[in-house]
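Listed below, chain by chain, are the residues.
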Amino acid sequence: MAWLCARTVLQTCRRPISYSLVCYEKQFADPLDHATGLEKKEMLARLAGNDDPYNMSIKRRPHSTKENPNIVYSSFESRIMGCICDEDALHVNWMWLHQGPPRRCECGHWFKLVEKAPI
């Protein structure tokens, strides 16, 4: 009896398979359609041409004075920033910047925190 069941199963599995000749072009969904929240805001900012929406990139600082300080953007009242005082320095001089008057680094450069709206 067991051989009869096995034979029936094998016979039902031997169905002909038909293949369609229609060729479908596969396309992936746009990631912007699936993104939400901050991720979508970042993608829209990049599409608008803003590659650094959080102002996190390293910037070369020009010579600065107290009257003409280097501008650092933040959407908060204070921000921590790092200054590499010498080109061949092996450490970063970290300091807190607060809104208000400019602040001087140990190397002599001046920095001022300016408010910028978040993305």
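Every chain begins its residue count from 1, and numbering advances along the sequence as written. Two thresholds apply to this predicted model, a pLDDT of at least 70 for residue-level local features and 80 or more for giving and counting side-chain atom pairs, whereas whole-chain, interface and lining totals are computed over all residues. As a rule here, side-chain values come from all non-hydrogen atoms in the structure, and water together with hydrogens is ignored.

### Comments concerning the pairing of strand β1 (residues 70–74)
- Of the two faces of β1, only one is covered, namely that formed by N70, V72 and S74; the face formed by I71 and Y73 stays uncovered.
- Two strands qualify as a pair provided DSSP detects at least 2 bridges between them. Here a strand is any run of E in DSSP of at least two residues, a helix any run of H or I of at least four, and the numbering for each starts at the N terminus. When β1 meets strand β5 (residues 110–115), the two strands line up parallel, connected through five bridges. The partner of V72 across the bridge, within β5, is L113. Under the scheme applied here, a residue whose accessible area is under 20% of the maximum for its type counts as buried, over 50% as exposed, and between as partly exposed, the area being computed with a 1.4 Å probe on protein chains only.

### Concerning the packing of aromatic side chains
- Each Phe, Tyr or Trp ring (for Trp, its six-membered ring) is paired with any other whose centre lies within 6.5 Å, and the angle between the two planes then decides the class: stacked below 30 degrees, edge-to-face above 60, tilted in between. Overall, the coordinates contain zero aromatic pairs when judged by the stated rule.
- We note K116 situated over the ring of Y73; from NZ or CZ to the ring centre the distance is 5.8 Å. Over a ring means this: the NZ of a Lys or the CZ of an Arg is within 6 Å of the ring centre and within 35 degrees of the ring normal.

### Regarding the UniProt feature "binding site: Zn(2+)" (unreviewed entry) in the protein chain
- UniProt positions are given in the numbering used here, feature names are shortened, and annotations may be inferred rather than shown by experiment. According to UniProt, the "binding site: Zn(2+)" (unreviewed entry) feature falls on C83, C85, C105 and C107. Across 25 residues, the annotated set stays spatially compact, with a maximum C-alpha separation of 8.7 Å.
- Relative to the assigned elements, C83 resides in strand β2 (residues 78–83).
- Once you skip the residues sitting within four places of it in the chain, C83 turns out to touch R61, V92, N93, C105, C107 and F111.
- Given the relative accessible area of 24%, C85 is considered partly exposed.
- Setting aside residues up to four positions removed in sequence, C85 forms contacts with R61, N93, C105 and C107. For this analysis, residues touch if any pair of their heavy atoms sits within 4.5 Å.

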